[in-house]
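These are the residues of each chain, in order.
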Amino acid sequence: MSWGTTRVLGNRDAGRYLTAVLVSGFGTAAMLLVAGIWVKDLTGSSSLAGLVTLGIWGPTLVAPLIGVLADRFRRRPLLIWLHLAMAALLPVLLLVDSAARVWLIFAVMVAYGVSFVLIDSAEAALVPAVVPGELLGDFNGLRMTVNEGMKLVAPLAGAGLFAAYGGHPVVLLDAATFALAALLLTLIRVREAPPPPPEPWTRQLAEGLGHLRRHAPLRHLVACTGAAMLLIGINGALAYAVVDDGLHRPPEFNGVLGTVQGVGSLLGGLAAGALLRRLGDRRVTALAAALLAAGLALRAAPGLVPVAAGTLAVGVGAPLVLITVWTAVQRETPNALVGRVSATVNTLTFGPGTLAVLAGAGLLELVDHRVIQLTGAASAVLLAVWALRGGPRAASEGLRPAAPQGPPAVGPEETAPPPATPQTAAPAAGTAERG
């Protein structure tokens, strides 16, 4: 365990925050799996079950519009009310008892998707007030690790509950975890400045987009992340072809490879903070792209060992590239803009991956999956080079240090650290550190 991880875990407020993420993540991971199973069970339609995912992720495509809200309110109260709202909304699903009421599941999943956008945006803005700047990468890595860990455990619990008792117990479990997470968030001590007077929605949206347009190094990092997520999306679309045509195993074997990838994500999340301090944003992004290149190439091989190794490599690379861009957004963006900039970045990074799933499925009808994997591997190599050399340079390596914004907000019982300098607000050149 790195010193950064140890310091984050030793921070009382950061620990409460991560506990809230763990609790709500458990209920969410269980509910999102069960929602699709529930639709399939009631309607018998695989297509309708698949559309549950679209309801959850669809709001991401309009995240910049939603993210403006995160900059109009204080972030901790907003997070508390969002969790309480979901805890109150989820019991609506207790009315679902037949195919005629399946529409309620879709409606709640869309609300889930909107809440995801707002929660991510508000979290991105609140975390720098809870965690010192030099530990942002470690915190974001731990947050990713907690989320990925829940994805390994909670779906099994949700599926077991559904098999034994149906969907209603899972609904109550998820509602309870949202309520408990809200309680934990009330225990975090943080001072937040009042938000500025609300401006016209279009102007606030333009300010968020304008920050990315003006900040060339951050814009380059976002572009690299979007390209990486596109490759990861294509890889996901090929999952069943790899198992069927490549390994000649039943579709259920994807669960085994999914666990392998989840383990990789845990490792990547734990290593992210230390790697960002040692290598900087550009090099970590290039390393993540190199891992994706190796992973995609190995998954084109016919043997189980190389496919498993490739899946592990993809699992490590994906969180590295995401944590790097999230941390850079938090560090390089004025706090008043972080909510809408974070939401915009999520659209630009996750949007390509969503579209790539559709593109990959279409390509499989025309091209062997191995050709697609190897083409993706070659593209990832080019991405690694572009991450290092293709974009504008600032501060000789990595992103410009963030302008000093004063000490992190602290609770009434804590002593504020010395005022931030360019060296403490962000790592110096060559040692850079979410959204």
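The structure displayed is predicted, hence computed values, not measured ones.

Here is what the cut-offs are and how they apply
- Sequence positions are assigned chain by chain, starting from 1 and proceeding in written order.
- A pLDDT threshold of at least 70 governs which residues receive local features in this predicted model, and a stricter bar of 80 or more applies before side-chain atom pairs are shown or counted, although totals over entire chains, interfaces and linings include all residues.
- Working from all heavy atoms in the structure, the side-chain values ignore hydrogens and water.
- The numbering of helices and of strands both runs from the N terminus, where a helix is a DSSP run of H or I of at least 4 residues and a strand a run of E of at least 2.
- Residue exposure (1.4 Å probe, protein chains only): buried if accessible area is under 20% of the type maximum, exposed if over 50%, otherwise partly exposed.
- Take the number of residues in a helix, subtract one, and multiply by 1.5 Å to get its expected span.
- Contact criterion: two residues are considered in contact whenever any of their non-hydrogen atoms come within 4.5 Å of each other.
- Angles run from 0 to 180 degrees between N-to-C directions of axes, and those axes are lines fitted to C-alpha atoms, restricted for helices to the stretch in contact.
- These descriptions rest on fixed angle ranges, namely under 35 degrees for roughly parallel, over 145 for roughly antiparallel, 65 to 115 for roughly perpendicular, and the rest for oblique.
- Should the near helix be turned anticlockwise from the far one by less than a right angle, the crossing is termed left-handed; should it be turned clockwise, right-handed.
- Residue classes follow a fixed rule: Ala, Val, Leu, Ile, Met, Phe, Trp, Tyr, Cys and Pro count as nonpolar, while Asp, Glu, Lys and Arg count as charged, and any other residue, Gly among them, counts as polar.
- Surface patches are drawn from residues lacking salt bridges whose relative accessible area is over 30%; two like charges belong together within 9 Å, two nonpolar side chains (Val, Leu, Ile, Met, Phe, Trp, Tyr) within 5 Å.
- A 1.4 Å probe and the Shrake-Rupley method give the accessible areas. Residues count as covered only by the protein chains that appear here.
- Think of a salt bridge as a Lys or Arg side-chain nitrogen and an Asp or Glu carboxyl oxygen that are within 4 Å of each other.
- pLDDT is defined as a per-residue confidence score from the predictor, taking values between 0 and 100.
- In this scheme Phe, Tyr and Trp rings, the latter by its six-membered ring, pair at centre separations within 6.5 Å, and the angle between planes marks the pair as stacked below 30 degrees, edge-to-face above 60, and tilted otherwise.

Caption draft 1: Examining the overall build of the protein chain more closely. A tally of helices and strands in the protein chain yields 17 helices and zero strands. Here the protein chain holds 435 residues, and the buried ones make up 53% of them.

Caption draft 2: Representation of helix H7 (residues 136-165) in the model. With 30 residues, H7 ought to run about 44 Å at 1.5 Å a step, and its terminal C-alpha atoms sit 41 Å apart, in line with that. Once H7 ends, the next one or two residues include Gly166, with phi positive near 90 degrees.

Caption draft 3: Region of interest: the side chain of Gln373. Inspection of the secondary structure puts Gln373 in helix H16 (residues 369-390). Beyond its immediate chain neighbours, meaning those up to four positions away, Gln373 contacts Asn235, Leu238, Val242, Leu296, Arg299 and Ala300.

Caption draft 4: Quick peek at the environment of Glu134. As for its position among the elements, Glu134 is in the loop between helix H6 (102-130) and H7. Look at Glu134 and you get partly exposed, because its relative accessible area is 25%. Considering only alpha carbons, one finds Glu134 and Gly273, 139 residues apart in sequence, at a separation of 8.9 Å.

Caption draft 5: Examining the packing of H7 against helix H14 (residues 304-332) more closely. Remark: H7 packs on H14, axes separated minimally by 9 Å, with the N-to-C direction vectors making an angle of 135 degrees. With respect to H14, the axis of H7 lies oblique. As H7 packs across H14, the resulting crossing turns out to be right-handed. Between H7 and H14, the residues in contact are Leu136, Gly137, Asn140, Gly141 and Met144 and Pro319, Leu322, Ile323, Trp326, Thr327 and Gln330, respectively. Per-class residue counts for the contact of H7 with H14 are six nonpolar, five polar and no charged.

Caption draft 6: Spotlight on the packing of helix H5 (residues 75-89) against helix H8 (residues 168-186). Running from N to C, H5 and H8 point in directions that differ by 160 degrees, and their axes come no closer than 8 Å. Of the possible angle classes, the one that applies to H5 and H8 is roughly antiparallel. Handedness of the crossing formed by H5 with H8: left-handed. Touching Arg76, Leu79, Ile80, His83, Leu84, Met86 and Ala87 of H5 are Ala175, Phe178, Ala179, Ala181, Ala182, Leu185 and Thr186, all from H8. Considered class by class, the residues forming the contact of H5 with H8 number eleven nonpolar, two polar and one charged.

Caption draft 7: Geometry of helix H13 (residues 281-298). Here H13 spans 26 Å end to end across 18 residues, near enough to the 26 Å set by a 1.5 Å rise per residue. For H13, the full list of buried residues reads Asp281, Arg282, Val284, Thr285, Ala286, Ala288, Ala289, Leu292, Ala293, Gly295 and Leu296.

Caption draft 8: How the structure looks around unusual backbone geometry. The backbone of His248 sits at a positive phi, close to 55 degrees, despite the residue not being glycine. Note on placement: His248 falls in the loop between helix H11 (239-246) and helix H12 (254-279). Classification of His248 as exposed rests on a relative accessible area of 66%.

Caption draft 9: Expanded view of a nonpolar patch on the surface. A contiguous nonpolar patch, built from Leu48, Leu51 and Leu54 and spanning about 250 Å² of accessible area, is present on the exposed surface. For Leu51, the position within the fold is in helix H3 (residues 46-57).

Caption draft 10: Spotlight on the pattern of salt bridges. Tallied over the entire structure, the rule returns nine salt bridges. For Asp71, the salt bridge identified is with Arg75, shortest N-O distance 2.6 Å. Comparing Asp71 with Arg75 shows no difference in burial state: the two are buried. Two residues, Arg370 and Asp368, come together in a salt bridge whose shortest N-O distance is 3.1 Å. Note on Arg370: relative accessible area 29%, which makes it partly exposed.

Caption draft 11: Focus on the confidence of the model for the protein chain. Summary statistics for the protein chain give a mean pLDDT of 80 and a share of 86% for residues scoring 70 or more. Here residues 392-398 is modelled with pLDDT under 50, and outside its nearest four sequence neighbours on either side it reaches 17 contacts, counting other chains as well. Every residue in residues 400-435 scores below 50 in pLDDT, and together they form 102 contacts with partners more than four places removed in sequence or on other chains.

Caption draft 12: Main features of the packing of aromatic side chains. Summed over all chains, the structure comprises three aromatic pairs. For the pair Tyr17 and Phe139, a centre-to-centre distance of 5.7 Å together with 75 degrees between the ring planes defines the contact as edge-to-face. Residue Tyr17 is found in helix H2 (residues 12-43), and its partner Phe139 is found in helix H7; the two are separated by 122 residues along the sequence. Judged on exposure class, the residue Tyr17 and its partner Phe139 are both buried.

Caption draft 13: Summary view of the environment of Val325. By the secondary structure assignment, Val325 is in helix H14. For the pair Val325 and Ser342, spaced 17 residues apart in sequence, the C-alpha separation works out to 9.6 Å.

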